[in-house]
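Architecture and fold: a report
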Amino acid sequence: MATGDSVGDCELEHQHGKARVRVARVWHEGSSHVMVEWSVSVSLRSKTLAAYTEGDNSAIVATDTIKNTVYVLAKRCSETTSMEEFGTQLAELFLNTYSQVTGVRVNLTQRPWERVSLDNTPHEHGFKLGSENRTAQVLATKDGNHKVTAGISDLSLLKTTKSGFEGFVRDKNTLLPETRERMMASSIRSVWSYSKTPLDYNETHAKVKNILLSTFFGPSRGGVYSPSVQNTLYLMAKEVLLRVPEIESVYLNMPNIHFLPVNMPSIGIQFKDDVYLPTDEPHGSIEATLQRKNLPTSKL
Ligand SMILES: O=c1[nH]c(=O)c2[nH]c(=O)[nH]c2[nH]1
């Protein structure tokens with residue numbers, strides 16, 4: 001999406017759109033209802049240089065119109081759809097409707113409304129808010145280039161054992177003791193990029209989330225030992241690429257959220273993997289992208 005227009009001896013790179021258009025959509029499947037709540041941000045790249053340089057708005061699609069288009073498309077989507085499909089259709093709608101629009105970026109976030117189960121029975125129309133958000137981005141251009149990424153944010157995970165950190169650099173500033181027994185906690189953000197359209201974006205998202213969780217924790221009985229957040233992050237990303245062929249790269253941001261041992265020897269309190277001081281900051285900041293080799297370079 002990023003090429004500019006020449007203005008004298010400068011280049012002006014510009015786009016406009018509407019940010020955080022909130023929409024909820026309910027689909028009636030018999031007596032069972034499906035509902036989603038999305039926040040949609042649209043950014044159009046268009047031939048509107050004169051609006052910036054001359055005050056000529058004749059080619060501007062008003063951001064108010066952009067907002068309305070989100071609701072028009074939501075109304076038109078008569079079947080349950082994913083954010084990735086909705087974002088793709090929205091991008092195409094702008095590209096097909098307005099000749100001056102050359103590229104579209106759509107960012108979407110889905111609030112975690114989850115169907116309630118009462119007495120082990122999924123409720124027909126009752127939902128409660130969960131914790132992690134689902135994200136998607138669609139980039140599309142007039143000449144047919146098209147890129148879909150999906151992700152998850154605020155996925156807060158914690159395990160009370162099977163984590164350690166040893167063998168790191170020790171110098172005059174190092175105070176951290178080595179350990180093979182600590183808490184590991186993170187609030188994970190991940191973004192993955194599709195090279196092919198999967199059969200079902202919703203199912204693929206659920207599968208990736210499951211892979212991230214099961215690699216982080218290991219088996220329910222016994223778990224798996226983590227020698228560092230770095231190693232766990234890498235194994236999580238590797239497992240996604242191994243098990244989901246339509247995904248070409250995985251970004252993971254995994255802050256190491258510290259739970260500090262409480263030790264107060266002068267009043268007889270000795271830490272025995274039991275009492276911790278939870279903290280938010282500072283936190284370790286660990287992120288990486290794993291991608292398949294020899295990917296064609298993106299034109300977006
Ligand atoms: O898993 C960890 N990785 C680090 O890089 C690090 N640094 C640190 O102080 N604790 C930890 N833990």
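So, how was this worked out
Residues numbered from 1 in each chain as written. Predicted model: local features only at pLDDT ≥ 70, side-chain atom pairs only at ≥ 80, totals over all residues. Heavy atoms only, no water. UniProt positions renumbered as here; feature names shortened; annotations may be inferred. Buried < 20%, exposed > 50% of the residue type's maximum accessible area, 1.4 Å probe, protein only. Contact = heavy atoms within 4.5 Å. Polar contact = N/O pair within 3.5 Å; in protein donor to acceptor, adjacent residues only side chain to side chain. Helix = DSSP H or I, 4+ residues; strand = E, 2+ residues; numbered from the N terminus. Domains from an automatic or database assignment. Buried area = accessible area lost by both parts, 1.4 Å probe. Axes fitted to C-alpha atoms, helices over the stretch in contact; angles between N-to-C directions. Left-handed = near helix turned anticlockwise from the far one by under 90°. Nonpolar A, V, L, I, M, F, W, Y, C, P; charged D, E, K, R; others polar.

UniProt tags Thr-63 and Asn-256 as "binding site: O2" (unreviewed entry). For this annotated set, covering 194 residues, the C-alpha atoms extend up to 39.7 Å from each other, a dispersed arrangement in space. Take Thr-63: its relative accessible area is 28%, and that puts it in the partly exposed class. Residues in contact with Thr-63, not counting those within four places in the same chain, are His-16, Gly-17 and Lys-18. Among the polar contacts listed, one links the side chain of Thr-63 to the side chain of Lys-18, at a separation of 2.9 Å. One can find Asn-256 in the loop between strand E11 (247–253) and strand E12 (259–261). Leave out the neighbours within four places in its chain, and Asn-256 touches Arg-182, Ala-185, Val-229, His-283, Gly-284 and Ile-286.

This next bit is on the domain arrangement of the protein. Segmentation of the protein into domains returns domain 1 (13–144) and domain 2 (160–171 + 179–294). The C-alpha centroid of domain 2 is placed 31 Å from the C-alpha centroid of domain 1. Contact with domain 1, which involves 6 residues of that partner, is made by 4 residues of domain 2. For the pair domain 1 and domain 2, the summed buried surface comes to about 550 Å²; carbon and sulfur atoms form 50% of the total. On the domain 1 side of the contact with domain 2, Glu-84, Glu-132 and Arg-134 bury the most area, a combined 66% of that side's loss.

A pair of packed helices is captured by two measures, namely the crossing angle of their axes and the spacing between those axes. At a minimum axis distance of 9 Å, the contact between helix H4 (residues 201–217) and helix H5 (residues 229–243) shows a crossing angle of 140°. Crossing hand, H4 versus H5: right-handed. For the pair H4 and H5, the contacting residues are Lys-207, Val-208, Ile-211, Leu-212, Thr-215 and Phe-216 in the first and Thr-232, Leu-235, Met-236, Glu-239, Val-240 and Arg-243 in the second. Tallied by class, the residues present in the contact of H4 with H5 amount to 7 nonpolar, 2 polar and 3 charged.

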